[in-house]
Structures are given as C-alpha cells and as structure tokens.
Amino acid sequence: MPELPEVETVRRGLERFAVGRRVEHVEVGRERVVRRTSRAALVDGLTGTTVLAAERRGKYIRCPLDSGDELMVHLRMSGQLLVARPGSTRPPHTHVVAHLSARPPGAAVHGVLGDGPVELWFVDPRTFGEMVVFDPDHVAVEVPELARLGIDPVADPFTRRELRELVRPRSRQLKALLLDQHLIAGIGNIYADEILHAARLRPDRTSDTLNPPAEARLHTAIVEVLAAAIDAGGSSLRDAQYVDLFGGAGSYQDAHRVYGRTGERCTTCGVGWVRRIVIAQRSTHYCPRCQR
DNA sequence: AAACAAACCTGTGCGC
DNA sequence: TGCGCACAGGTTTGTT
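Rules and cut-offs
Residues numbered from 1 in each chain as written. Chains lettered and ligands numbered in written order. Predicted model: local features only at pLDDT ≥ 70, side-chain atom pairs only at ≥ 80, totals over all residues. Heavy atoms only, no water. Helix = DSSP H or I, 4+ residues; strand = E, 2+ residues; numbered from the N terminus. Rg over C-alpha atoms; globule rule 2.2 N^0.38 Å. Buried < 20%, exposed > 50% of the residue type's maximum accessible area, 1.4 Å probe, protein only. Contact = heavy atoms within 4.5 Å. Areas by Shrake-Rupley, 256 points an atom, 1.4 Å probe, with all protein chains shown as cover. Axes fitted to C-alpha atoms, helices over the stretch in contact; angles between N-to-C directions. Parallel < 35°, antiparallel > 145°, perpendicular 65-115°, else oblique. Left-handed = near helix turned anticlockwise from the far one by under 90°. Nonpolar A, V, L, I, M, F, W, Y, C, P; charged D, E, K, R; others polar. Near = heavy atom within 4 Å. Polar contact = N/O pair within 3.5 Å; in protein donor to acceptor, adjacent residues only side chain to side chain.

**Comments concerning the overall build of chain A**
Within chain A, the secondary structure is distributed over 8 helices and 10 strands. What you see for chain A is a C-alpha radius of gyration of 20 Å, in line with the 19 Å of a compact globule of 292 residues. Taken over the C-alpha atoms alone, chain A extends approximately 55 × 35 × 35 Å along its principal axes. Within the span of chain A, comprising 292 residues, buried residues form 52% of the whole. Put simply, 67% of the contacts in chain A that link residues at least 6 apart link residues at least 24 apart. When the accessible surface of chain A is totalled, it reaches about 12,700 Å², and 50% of it is carbon and sulfur.

Below is the structure:
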C-alpha cells in the first residue's frame, strides 16, 4: 500500500543508495512491468547512465539520469524496490534487476552495504507497478498522468490557501477528494481515513460544506499525519507488501486510529465505535462520534 | 461535474 | 484439513 509516506521513505533510500551510481547492466524478467514501452527501452534507457537524483511527486518516483532522460517508478499496490548485495538470492516476483556500480572514490560511505556495487530490485507480485524511462521534455505525451498530477502536500508549498482553492469550488465527498490524485497527489486509502479522523470530519461530508475552522483542521491534519507517517517510515500492514529499500517495515500502522480498526472503540473519544462503510468504492473507516 | 463500475493480478484470510 | 471465494491496494477508462 505504498502511499506518499511509503514512497517518500523509498525515495530517501534511493537518495542514499542509488544516486551517484552508474547502471552497469539491467535484467528485465516480466515485460509487463515495462508495458508502457518495452524491455529493450528500459534496458537501453538505463544502461550506462548515472542516477543523478531521486525525486517524488505524489506516489511517483522520478530519477533524473545523466543521459537527460528520467526513470519513473510507480509501485502501485504491491511493488517494492529493494537494494541488495550482488548475487543475493532474489525473492519471487523479482521482475527487474539493475546492477549498480560502486560509488566513485570520495563519495561518502553509506550504511551496511558500503560503497561497493549493489543490485536494485523491482519486486511486484501483482504486477500493477511499472517502470519507464522517458524524456522529460515530452512528459505530457510519454507519461501524461505525471503532468496531470495535483499539488504534492509535502514537496510543494501547501498552505490553507491552496487547500481552500481545491475544496471550495467543488462539491465532492471529502474522502473522494483526498483520493483524487489530480487534486492532491499522494494520499491513498489509509491516509485519507487517518487524515479525516484527525480533522474530525466525516468522510462522506461534501467539500463545499466546510467552514473556515473545519478547513483549517483538514489542512493541519493533511500536513501532520503525512509528516508523522514519514517520520515513522510509513505503514506496513499485516500482508506486508510495503517495506523500505532494505526490507524493513514502517511503524505508522501502530498509530492508525481508524484504518483497519472496524468495530473497535475509538481511542480518541473513548466513546464511539469505529465503523466501516464504502465511499468512492473504497473501504472507509471513521468514528461517527468524533467525525462530523 | 461527480459517482460508479470494471479492469489489471496475486497472496492472504476467511467461512464452510 | 482443504477448498473456494471475497478482498486488499492504485489508477485508468468508460458509463451513467
């Protein structure tokens, strides 16, 4: 369930362990992962390039390469990026392996893997995830959804004013609004529920009914919940699809107030019981007492 | 414009 | 115990 905090955790891992290395060799198993282009396009686009940076927009990872192209990775539901020592045993569903060079002399030493060569694995049982190398000058054609992405509440300036301009002119259920990547990029099902609980707003309330205090609570909740989740390294659920670059779990699941807590007493008010309903075709958890 | 449905795919966990 | 099935997650596309 990689959402913004999980993708940000992965991005930070890439910054430490991939940036500055050269891609020596690429293996692509299942071609479905590169369906937007082809196996050859990914191999040719990556081989021989050096990774210049690791960036994130919403749930999309973007890595500029010294060729002028960019690598885009989306983990979708079950994708993982992992770093490993060369020759390590690969887990099932490892669809792409990029062999990265040692770091150049003078680079800082980073963690247990040191500066020797590493492998970067893309693992994805459900194969919804994808990788593509594209020309950023043609992003609107080659990766149109990137060009249509809404504001990133962590990477972009995101004040109450930006939120107000998204919320006021529409009449959308708040849950659906938070999930709409064209408006705000990066919030998924878990964090939408947690944000609305923190803001004390019902998920089915419509956006044009918020008064200024409610709008302010929503803004604060978006910023604070995402920041706390990033600090915790994201959420790893029981079926544990999400892990960081080294296979480590996050801990924000322990801080969930409503997601996955159907039928439990609300820990915030101590009175209400967490309900599960369906909104925007997604399971939605909230406390009918706290959230209005 | 907004809501809804289906599609993509596989592992997990439930009920019988 | 074993089987079958609903379900989970993100996004696009198409329909109402």
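So that's the structure; there's more coming.
**Examining the packing of helix α7 (residues 189-198) against helix α8 (residues 212-231)**
The geometry of α7 relative to α8 is characterised by a closest axis approach of 8 Å and an angle of 130° between their N-to-C directions. One way to sum up the angle between α7 and α8 is to call them oblique. Where α7 crosses over α8, the handedness of that crossing is right-handed. Taken together, the residues of α8 that come into contact with α7 (itself represented by Y191, E194, I195, L196 and A198) are L218, A221, I222, V225, L226 and A229. Broken down by class, the residue content of the contact of α7 with α8 amounts to 10 nonpolar, no polar and 1 charged.

**Concerning the protein's contact with DNA strand B**
In the vicinity of DNA strand B, the residues found are R30, R32, H93, P125, R126, T127, F128, R170, S171, R172, Q173 and Q281. Residue H93 places a side-chain N or O atom 2.8 Å away from a phosphate oxygen belonging to DNA strand B. For the surface near DNA strand B, a count of residues per class yields 2 nonpolar, 5 polar and 5 charged.

**Overview of the protein's contact with DNA strand C**
For DNA strand C, the set of nearby residues contains 18 residues, the closest of which are M77, R126, E145, Y259 and R282. Within 4 Å of the protein, the contacting atoms of DNA strand C are drawn from sugar and phosphate to the extent of 58%. A distance of 3.3 Å separates a phosphate oxygen of DNA strand C from a polar side-chain atom of E3. A class-by-class count of the residues in the surface near DNA strand C yields 5 nonpolar, 6 polar and 7 charged.

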